[in-house]
Amino acid sequence: MGMTLEKLSASIGAQILGNGKMQIAGCAGLEEAGPDEVSFVANPKYIRKLQDTKAGAVILSAHYVKTTQKRPLLVADDPYFAFRQAMVTLHGFRQHPQPDISDKALIHPTATLGKDCCIHPMVFVAASARIADRCVVYPNSYIGTNVTIGDDCVIYPNVAVYDGCVLGNRVTLHAGSVVGQDGLGYATHGGVHHKIPQVGNVVIEDDVEIGANCAIDRATVGSTLIGKGTKLSDLITIGHGTRIGPHNMIVAQVGIAGSVQTGAYVSIAGQAGIAGHLKIGDQAQVAAKSGVISDVPDKMQVGGQPSLPLTQAKRNYLAQAKMPQLLQQFKQLQKRVAELESQVEMAKSVIPDTDQ
Amino acid sequence: MGMTLEKLSASIGAQILGNGKMQIAGCAGLEEAGPDEVSFVANPKYIRKLQDTKAGAVILSAHYVKTTQKRPLLVADDPYFAFRQAMVTLHGFRQHPQPDISDKALIHPTATLGKDCCIHPMVFVAASARIADRCVVYPNSYIGTNVTIGDDCVIYPNVAVYDGCVLGNRVTLHAGSVVGQDGLGYATHGGVHHKIPQVGNVVIEDDVEIGANCAIDRATVGSTLIGKGTKLSDLITIGHGTRIGPHNMIVAQVGIAGSVQTGAYVSIAGQAGIAGHLKIGDQAQVAAKSGVISDVPDKMQVGGQPSLPLTQAKRNYLAQAKMPQLLQQFKQLQKRVAELESQVEMAKSVIPDTDQ
Amino acid sequence: MGMTLEKLSASIGAQILGNGKMQIAGCAGLEEAGPDEVSFVANPKYIRKLQDTKAGAVILSAHYVKTTQKRPLLVADDPYFAFRQAMVTLHGFRQHPQPDISDKALIHPTATLGKDCCIHPMVFVAASARIADRCVVYPNSYIGTNVTIGDDCVIYPNVAVYDGCVLGNRVTLHAGSVVGQDGLGYATHGGVHHKIPQVGNVVIEDDVEIGANCAIDRATVGSTLIGKGTKLSDLITIGHGTRIGPHNMIVAQVGIAGSVQTGAYVSIAGQAGIAGHLKIGDQAQVAAKSGVISDVPDKMQVGGQPSLPLTQAKRNYLAQAKMPQLLQQFKQLQKRVAELESQVEMAKSVIPDTDQ
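A. Spotlight on the overall build of chain A. The helix and strand tally for chain A stands at four helices and 40 strands. Here the C-alpha atoms of chain A give a radius of gyration of 29 Å, more than 25% beyond the 21 Å that 2.2 N^0.38 yields for 356 residues. The principal-axis extent of the C-alpha atoms belonging to chain A is close to 110 × 75 × 25 Å. Relative to its full complement of 356 residues, chain A shows a buried share of 57%. Partitioning the contacts of chain A with sequence separation of at least 6, the portion at a separation of at least 24 is 18%. Carbon and sulfur atoms form 52% of the exposed surface of chain A, whose accessible area is close to 14,300 Å². Here chain A contributes 31 positively and 30 negatively charged side chains, and the mean placements of these two sets differ by 4 Å.

B. Broad picture of the interface of chain B and chain C. Each partner contributes residues to the interface: chain B has 74 residues there, and chain C has 65 residues. In total, chain B and chain C occlude about 5,500 Å² of area from one another, counting both sides; carbon and sulfur atoms represent 66% of this. Among the ionic pairs, D182 of chain B bridges to R94 of chain C, the shortest N-O distance being 3.0 Å. Inspection of the region where chain B meets chain C yields 28 residue pairs in polar contact (both at pLDDT 80 or more).

C. Main features of the interface of chain A and chain B. Every contact between the two is made by 74 residues of chain A and, on the other side, 66 residues of chain B. The tally of links from chain A across to chain B stands at 26 residue pairs in polar contact (both at pLDDT 80 or more). Counting only elements with at least two residues in the side of chain A that touches chain B, the list comes to β21 (178-181), β22 (186-189), β23 (192-195), β26 (215-217), α3 (310-321) and α4 (323-348) of chain A. It is α4 of chain A that contributes the most residues to the side of chain A that touches chain B, 12 residues altogether.

D. Main features of the environment of A127 of chain A. All names here are of chain A. Within the secondary structure layout, A127 lies in the loop between β12 (124-125) and β13 (130-131). Judged by relative accessible area, which is 21%, A127 ranks as partly exposed. With 188 residues separating them along the chain, A127 and R315 place their C-alpha atoms 57 Å apart. Among all residues touching A127, those that are not within four sequence positions of it are H108, T110, T145 and N146.

E. A look at the packing of α4 of chain A against helix α4 (residues 323-350) of chain B. At a closest axis distance of 10 Å, the pairing of α4 of chain A and α4 of chain B adopts a crossing angle of 30°. With respect to α4 of chain B, the axis of α4 of chain A lies roughly parallel. Seen along the crossing, α4 of chain A lies across α4 of chain B with a hand that is left-handed. Residues M323, L326, Q329, F330, L333, R336, V337, L340, Q343 and V344 of chain A of α4 of chain A form the contact with α4 of chain B, whose own contacting residues are M323, L326, L327, F330, L333, Q334, V337, A338, L340, E341, V344 and K348 of chain B. Among the residues forming the contact of α4 of chain A with α4 of chain B, the class breakdown is 16 nonpolar, three polar and three charged.

F. Representation of the sheet that holds strand β37 (residues 285-286) of chain A. Residues and elements named next belong to chain A. Spatial strand order, β8-β11-β14-β17-β20-β25-β28-β31-β34-β37-β39-β40: 12 strands in an open sheet with mixed pairing. If you trace the sheet from one side to the other, it starts and ends with β8 (100-101) and β40 (308-309), each paired once. With two bridges joining them, strand β14 (residues 136-137) and strand β17 (residues 154-155) adopt parallel strand pairing. Residue pairing across strands places V137 opposite I155, the latter belonging to β17.

G. Seen up close, the pairing of strand β22 (residues 186-189) of chain B. All names here are of chain B. Judged from the four bridges that link them, β22 and strand β23 (residues 192-195) form a sheet pairing that is antiparallel. Bridge pairing links H189 to V192 in β23. What sits between the antiparallel neighbours β22 and β23 is a turn of two residues, in which G190 has the positive phi angle 60°.

H. Up close: helix α1 (residues 5-12) of chain A. Residues and elements named next belong to chain A. Regarding α1, the residues found buried are L5, L8, S9 and I12. Along α1, the residues classed as buried sweep out an arc of 100° about the axis, all on the same side. Residues of α1 that are exposed and point more than 90 degrees away from the buried face comprise K7 and A10. Of the residues trailing α1, G13 is marked for its positive phi of about 70°.

I. Broad picture of the domain arrangement of chain A. Each assigned domain of chain A is listed with its residue range as follows: domain 1 (3-90), domain 2 (100-312) and domain 3 (322-356). One C-alpha centre belongs to domain 1 of chain A, the other to domain 2 of chain A; they are set 36 Å apart.

J. Spatial organisation of the relation of the copies chain B and chain C. Mapping chain B onto chain C calls for a screw motion: a turn of 120° about the axis and a shift of 0.0 Å along it, with 0.1 Å RMSD after fitting. Here the two chains are linked by the operation of a three-fold rotation axis.

K. Quick look at the pairing of strand β5 (residues 37-40) of chain C. Where strand β4 (residues 26-27) of chain C lies against β5 of chain C, two bridges are found, and the strand directions are parallel. Counted as the bridge partner of C27 of chain C is V38 of chain C from β5 of chain C.

L. Summary view of the state of the cysteines. As enumerated under the stated definition, the model contains zero disulfides over all chains in all. No disulfide involves C153 of chain B; its sulfur sits 4.5 Å from that of C135 of chain B, the nearest cysteine.

M. Broad picture of the environment of F81 of chain A. Among the secondary structure elements, F81 of chain A is positioned in helix α2 (residues 79-90). Its relative accessible area of 14% is what places F81 of chain A among the buried residues. Expressed as a C-alpha distance, the spacing of F81 of chain A and Y186 of chain A, which sit 105 residues apart in the sequence, is 46 Å. Once you skip the residues sitting within four places of it in the chain, F81 of chain A turns out to touch A187, H189 and H194 of chain C.

N. How the structure looks around the packing of aromatic side chains. One pass over the full model with this rule turns up 21 aromatic pairs over all chains. Relative to Y156 of chain A, the ring of Y138 of chain A has its centre 5.1 Å away and its plane inclined at 15°; by these criteria the two rings are stacked. Here Y138 of chain A is found in the loop between β14 and β15 (142-143), whereas its partner Y156 of chain A is found in the loop between β17 and β18 (160-161), with 18 residues between them in sequence. The pair formed by Y138 of chain A and Y156 of chain A is uniform in burial state, with each residue classed as buried. Each residue in the set F124, Y142 and Y162 of chain A together with Y138 and Y156 of chain B is aromatic and connected to the rest through ring pairs, giving one cluster.

O. Up close: α4 of chain B. The end-to-end C-alpha distance of α4 of chain B, which contains 28 residues, comes to 40 Å, matching closely the 40 Å that a straight helix rising 1.5 Å per residue would cover. Taken residue by residue, α4 of chain B has M323, P324, L326, L327, F330, L333, V337, L340, Q343, V344 and A347 of chain B as its buried positions. Contacts made by the buried residues of α4 of chain B are with α3 and α4 of chain A, α3 (310-321) of chain B together with α4 (323-350) of chain C.

P. Examining the sheet that holds strand β29 (residues 237-238) of chain A more closely. All names here are of chain A. Strand order in the open sheet formed by 10 strands is β9-β12-β15-β18-β21-β26-β29-β32-β35-β38, with parallel pairing between adjacent strands. The open sheet terminates on both sides in strands that have one partner only, identified here as β9 (106-107) and β38 (291-292). The sheet contact formed by β26 and β29 spans two bridges and is parallel. Paired with I216 across the two strands is I238, which belongs to β29.

Q. Quick look at the packing of α3 of chain A against α4 of chain B. Contact pair α3 of chain A / α4 of chain B: the axes reach a minimum separation of 8 Å and the direction vectors enclose 50°. Considered as vectors, α3 of chain A and α4 of chain B are oriented oblique to each other. For the pair α3 of chain A and α4 of chain B, contact is made by R315, N316 and A319 of chain A and by M323, P324 and L327 of chain B, respectively. Residue composition of the contact of α3 of chain A with α4 of chain B, by class: four nonpolar, one polar and one charged.

R. Structural detail: unusual backbone geometry. Residue and element names in this part refer to chain B. The step from Q305 to P306 runs through a cis peptide bond, and the omega angle for that step is -10°. Looking at the element boundaries, P306 is found in the loop between β39 (301-303) and β40 (308-309). Phi is positive for R134, which is not a glycine, with a value near 55°. Along the polypeptide, R134 turns up in the loop between β13 (130-131) and β14 (136-137).

S. Examining the pattern of salt bridges more closely. Within this structure, the stated rule accounts for 34 salt bridges over all chains. Measuring nitrogen to oxygen at the nearest pair gives 2.9 Å for the salt bridge that ties R336 of chain A to E341 of chain B. Taken together, the positions of R336 of chain A in helix α4 and E341 of chain B in helix α4 put the pair across two chains. E341 of chain B gets classed as partly exposed once you look at its relative accessible area, which sits at 24%.

Rules and cut-offs
Residues numbered from 1 in each chain as written. Chains lettered and ligands numbered in written order. Predicted model: local features only at pLDDT ≥ 70, side-chain atom pairs only at ≥ 80, totals over all residues. Heavy atoms only, no water. Helix = DSSP H or I, 4+ residues; strand = E, 2+ residues; numbered from the N terminus. Rg over C-alpha atoms; globule rule 2.2 N^0.38 Å. Buried < 20%, exposed > 50% of the residue type's maximum accessible area, 1.4 Å probe, protein only. Contact = heavy atoms within 4.5 Å. Areas by Shrake-Rupley, 256 points an atom, 1.4 Å probe, with all protein chains shown as cover. Lys, Arg positive; Asp, Glu negative; His and termini not counted. Charge placed at Lys NZ, Arg CZ, Asp CG, Glu CD. Buried area = accessible area lost by both parts, 1.4 Å probe. Salt bridge = Lys/Arg side-chain N within 4 Å of Asp/Glu carboxyl O. Polar contact = N/O pair within 3.5 Å; in protein donor to acceptor, adjacent residues only side chain to side chain. Axes fitted to C-alpha atoms, helices over the stretch in contact; angles between N-to-C directions. Parallel < 35°, antiparallel > 145°, perpendicular 65-115°, else oblique. Left-handed = near helix turned anticlockwise from the far one by under 90°. Nonpolar A, V, L, I, M, F, W, Y, C, P; charged D, E, K, R; others polar. Pairing = 2+ DSSP bridges. Arc of directions from axis to C-beta. Domains from an automatic or database assignment. Least-squares fit on C-alpha atoms with pLDDT ≥ 70 in both. Disulfide = S-S within 2.5 Å. Phe/Tyr/Trp six-rings, centres within 6.5 Å; stacked < 30°, edge-to-face > 60°. Expected span 1.5 Å × (residues − 1).

See below:
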């Protein structure tokens, strides 16, 4: 589904500089793109790669136009978003199979399905589950008792949604993810960990996408929440009763304990962990591998283990690298002071004592 | 299934202070509870929340009774366990479907099932597997060849139990967990990683609960063991040949390498890692995100990466925060010493030399 | 399938010292082995365990022969590989069921299967998928549209391979792993995270083994690659567009972000993380829990968070442990310098000023 650069430019709202008649077949990164592909630069760090790219055309901001003259350019205010639009225009999204309710799916008579759904074979839909319109459920997924699923959801293979959980509209769950299992709730008494019934659920709001093999605990009572527009990568766990705000971006292998609240537009980088009962403010940013053990104010960047404001964590880190040298220098200084002390002591013995 | 506070109090073994006639509908946290719900305080840290809670009644220890007069109280020696009892009384545990062997389950003719099991559709039970009484196996789970499963086990959807593994009684495996896959065992020779057959198994003792999407390696030879009463959260991996003791509590995303042994009542917090071949003593506590690289004695708390006794790790951490300032102060002190040296040198030139 | 030590020795290419007529039933670790089992020592650290082992015979290198006289020895140049050979000889690998295409598998009419495959019930093979000869696919696994799978692959239960992904020959995927889900690709614009179509795939080369519950992102465009002979343990995630080189060894819970490249024979220990767009050189070694944020040259060992050359990371770590003491000593030194200063100041008042 190629097209001329001209036509692509118009469709993504960019301004064209150079030959618009060339044919563009697809999109690619700067290092991989060939002469019939369009690429992009959004991060100034990669401007230098413009020298060597073989891309037929490049999307960038007006600011960097003069740094390259070799090829047609597409100038956009937000080059990364323009590239995304080009991806949608030239490649499009995954096509799911046509609507069809497989007779090899196991759908309980009390479950309800909206119109134009595609329910694959070996999907299990339990009693009283409600699936709205145009949903796609891939093979071997499990939709528990009394689960509610909105319109246009996509559930990839081998997903399990436990009883009573709620998915909004346009929610995507990738393969192997689990929503609504019991969290780690026990009261230890008389040497035994007694299980506390986990009678809450998980509510996932509209436009959430969850990667592969995640695990979202149901609340003990009430709901664990994933706010609208939030995106999770793979192998993430969210503890019971935690409320993730809207439009968060959570990278792979992050672990968030129970009863945490995050604000809007929070970003949490890979392998970070957040301890229970904390509040993470709007637009806060948690660096990769951080161990967060106290509340994070709005817009603050934190990092380290345990985490600190990022500037402070970096300062500590730089200082730490100087410690081996400091230890040596400190010993030298101790010697010099001892030497001074002996010299001063010696001097005192020959100087008249003014106190007397 | 509400009841009077009086009746609830009796059923959980608490002493009532105030009006026992009020009707209680359910349980909730202090912040979420409404006037017909019972809440609790177990951690002194949350006593201050008693001011603002809207809970109809609160379970707490005798020690904190006088801090609140607003509402009926249930006094218990172990308030968290009493709250757990209230959860069981008022909400109860998940009800599984009635016993039934689905004709859409695939059960090998040589496999045996005890009485009153519920085997869902699309469950696969391989040759010579033995499942005892009152077990529930949810859809799309896989029970391998020669697996043995005790009484009253619950296996949620999409679980895989590899060949030859053994589950005790009352074992719960949450969705997506895998028991008995081959561990990372290779002998590198001539530039190739040669796979070592993994011919051991996994033995899970009574009353173990394992969260979602965990992965428990089978032993190379012998057994990987999960001791009785131990509880695992989500996304945990246990390496081949490791022997987890009884009543351990292991939080999400913990990774334990191969050939480790843990004692009884060990607790390991989230995202911690334990290197291979270590011994972790009874009642040891491993802090979140710790990297344990040496044995941990009984009852010791460890933390940090690599981990140290927790008090020492905290002391180092506090010291580390002072390093940027120390570096500055050190430079100042160096200057002061140099200044002193030059002054003393100068003084020596005018002081009679007593050595001569 | 026991045999005499003599016969075992011949079959694994070792030299026998002692009685070759004894019967060997199997293999075991030094601590677990009984008198009819063979064990091994490869790591000098465990030589001391030879004292107490009950093993009937031990495989070791010529270098350590004289440290033990108690029992027959099998001397091998590479004792660990020799032990592996003994494991293969005495125990062998898992036997899969006989070739059979279950009539309860769902295989699209346009999919193709090679000869002698074993496709279990409840396997879903989508349109245009191609599976070559002698493959085994366990129950409840999903093979997406247009997937290509080479000869002799083993796919354990509950695996999902997304559309268009490619597996070479002799690839093993353990239960619950997901290959080819969409990576975390969004362009944030106008307050919304807009999904970028992920139109690339995953290519897994020959002789790769992947543990349980891993998640390998498909590339945005092009391919995410797992190089030939590379082995992954459990719960590992590989980001979109990353290219893992040949013969890497990647331990459990490692997370590698997108667009990373690793060389040949790289080893990455448990819970380490590698940030996006980095290059990790041939034979580089990444220590457990490292946070790698810059390129790693060939053969370099790195560790720490953020990671440094391992020797430097260790030096910093040792220095850090001395900081609490340093802070005390520093205060003492400051006092001594202040005392010197006051003494020198006092002295100056009685010494003739030579500058004048």
